[in-house]
Amino acid sequence: ALDLPTGLDADRGVVPGTPVIQARLTVTFGAPKRGFLAPGSFSACGRVLVAEIGISEDLLETASPLLRWIRTPPPLPVRPAELHKGTAGRVAVVGGSPALAGAAVLTAKAASRSGAGLTYLFHPWALSPWIATRLLGEIAVPVGGSRNDIFTEDQAGPVLNGLQDFDALALGPGLGRKPEARAFARKVREGFGQAPMVLDADGL
């Protein structure tokens, strides 16, 4: 397909009731289209190649500020030989609830694997026996009482106090969607400050 598969809307992607060509390769002009990322659209494009046609990078940067298509992953910084875990960044993960604690554990492990020197997983206290047996390099931080298995709004303050020295926060994996957890997440999001934050899963 040239520019986009026939029938695919450049902004909305697949439009119900409109047939779309299923391409093996799409050579799109200037930049990928927003519609490529809509559900069901990316598979219709097949492999996507971008053909430069003279559009300036400055213009492309201002055209769609909410989306950024990364063509080449940014290089990871090179660590000095004398670096230790305390100087390689501190990441906090806040999440977990009954039946969904695995999402929080996976997020913490991913943070460590991607380069964080210290990773802390803040989770409801009642999940401690399960979580503690699945973390090695990451540090588990139980929150609340021993019967507490979901986050509640009154725990936002203590958690925020514990997050003061962190460089980044991942909020939401396995948090659950109960009203108490939603109120907790809202307070943590609003009170965390200016450090980078990723809202994931139930955090959204």
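Above this text is the structure in question.
The shown structure was predicted, so the numbers you read here are calculated from the model rather than taken from an experiment.

What follows is about the pattern of salt bridges. By the definition in use, this model includes six salt bridges. Here Lys-33 ties to Asp-3 by a salt bridge, and the two come within 2.8 Å at their closest N and O atoms. Taken as a pair, Lys-33 in the loop between β1 (25-29) and α1 (42-45) and Asp-3 in the segment before β1 lie far apart in primary sequence, 30 residues in all. For the salt bridge of Arg-177 with Asp-202, the shortest nitrogen-to-oxygen distance reads 3.0 Å. You can see Arg-177 sitting in the loop between β6 (168-171) and α6 (179-191) and its partner Asp-202 sitting in the segment after β7 (197-199), a full 25 residues away along the chain. Relative accessible area serves as the criterion here: at 18%, Asp-202 is assigned to the buried category.

Here the focus is a nonpolar patch on the surface. A cluster of nonpolar side chains, Leu-2, Phe-29, Ile-53, Ile-55 and Leu-59, forms an exposed patch at the surface whose accessible area comes to about 480 Å². As for its placement among the helices and strands, Leu-2 is situated in the segment before β1.

Sizing a probe to match a water molecule and rolling it over the atoms shows the empty space that remains. The calculated volume of the second largest pocket comes to roughly 240 Å³. Lining the second largest pocket we find 13 residues, and of these Arg-79, Ala-88, Ser-114, Gly-115 and Ala-116 sit closest to its centre. Here the residues of the lining of the second largest pocket are counted per class, giving seven nonpolar, three polar and three charged.

Turning our attention to the nonpolar core. Counting 20 residues, the largest nonpolar core has Val-94, Phe-122, Val-159, Leu-163, Leu-169, Phe-184 and Val-188 as the members making the most contacts within it. Contributing elements (two or more residues each) for this core: β3 (90-94), β4 (118-124), α5 (156-162), β6 and α6. When residues in this core are grouped by element, the largest group, four residues, is from α6. Counting residues in each nonpolar core, the second largest holds 10 residues, with Val-93, Ala-104, Leu-121 and Ile-131 among its members.

Here the focus is the sheet that holds strand β5 (residues 139-143). Consider a sheet: its strands pair through backbone hydrogen bonds, and that pairing is either parallel or antiparallel. Read from one edge to the other, the open sheet built from five strands follows the order β5-β4-β3-β6-β7, with strand pairing classed as parallel. Here the strands that pair on one side only, and so sit at the sheet edges, are β5 and β7. Strand after strand, the sheet turns through a mean of 20° between neighbouring axes, direction not considered. Strand direction decides the pairing type here: β6 and β7, joined by three bridges, are parallel.

So, about the packing of aromatic side chains. Scanning the model with the defined rule gives three aromatic pairs in all. Their ring planes at 5° and their centres at 4.3 Å tell us that Phe-151 and Phe-184 sit as a pair that is stacked. One end of the pair, Phe-151, is in the loop between β5 and α5; the other, Phe-184, is in helix α6, with 33 residues separating them in the sequence. The residues Phe-151 and Phe-184 share a single accessibility class, namely buried. Members of the aromatic cluster, connected to one another through ring pairs, are Tyr-120, Phe-122 and Phe-166.

At a separation of 2.8 Å, a polar atom in the side chain of Asp-3 contacts the side chain of Lys-33. Setting aside residues up to four positions removed in sequence, Asp-3 forms contacts with Thr-26, Val-27, Thr-28, Phe-29, Lys-33 and Phe-36.

Turning our attention to the side chain of Thr-26. Secondary-structure assignment places Thr-26 in strand β1. Apart from residues no more than four positions distant in its own chain, Thr-26 is found in contact with Ala-1, Asp-3, Leu-4, Pro-5, Phe-36, Cys-45, Arg-47, Val-48 and Leu-49.

Moving on to α6. Between its terminal C-alpha atoms α6 stretches 18 Å, which fits the 18 Å expected from 13 residues at 1.5 Å a residue. Contact partners of the buried residues in α6: β3, α5 and β6. Positive phi appears at Gly-193, one or two residues downstream of α6, with a value of about 105°.

Thresholds applied
- Residues numbered from 1 in each chain as written.
- Predicted model: local features only at pLDDT ≥ 70, side-chain atom pairs only at ≥ 80, totals over all residues.
- Heavy atoms only, no water.
- Salt bridge = Lys/Arg side-chain N within 4 Å of Asp/Glu carboxyl O.
- Helix = DSSP H or I, 4+ residues; strand = E, 2+ residues; numbered from the N terminus.
- Buried < 20%, exposed > 50% of the residue type's maximum accessible area, 1.4 Å probe, protein only.
- Patch = residues over 30% accessible without salt bridge, like charges linked within 9 Å, V, L, I, M, F, W, Y side chains within 5 Å.
- Areas by Shrake-Rupley, 256 points an atom, 1.4 Å probe, with all protein chains shown as cover.
- 1 Å grid on protein atoms, 1.4 Å probe; cavity = no way out; pocket = protein on both sides within 12 Å on 5 of 7 lines; lining within 4 Å.
- Points joined across faces, edges and corners; volume = space filled by probe spheres on them.
- Nonpolar A, V, L, I, M, F, W, Y, C, P; charged D, E, K, R; others polar.
- Core = buried A, V, L, I, M, F, W, Y, C linked by side-chain atoms within 4.5 Å.
- Pairing = 2+ DSSP bridges.
- Axes fitted to C-alpha atoms, helices over the stretch in contact; angles between N-to-C directions.
- Phe/Tyr/Trp six-rings, centres within 6.5 Å; stacked < 30°, edge-to-face > 60°.
- Polar contact = N/O pair within 3.5 Å; in protein donor to acceptor, adjacent residues only side chain to side chain.
- Contact = heavy atoms within 4.5 Å.
- Expected span 1.5 Å × (residues − 1).

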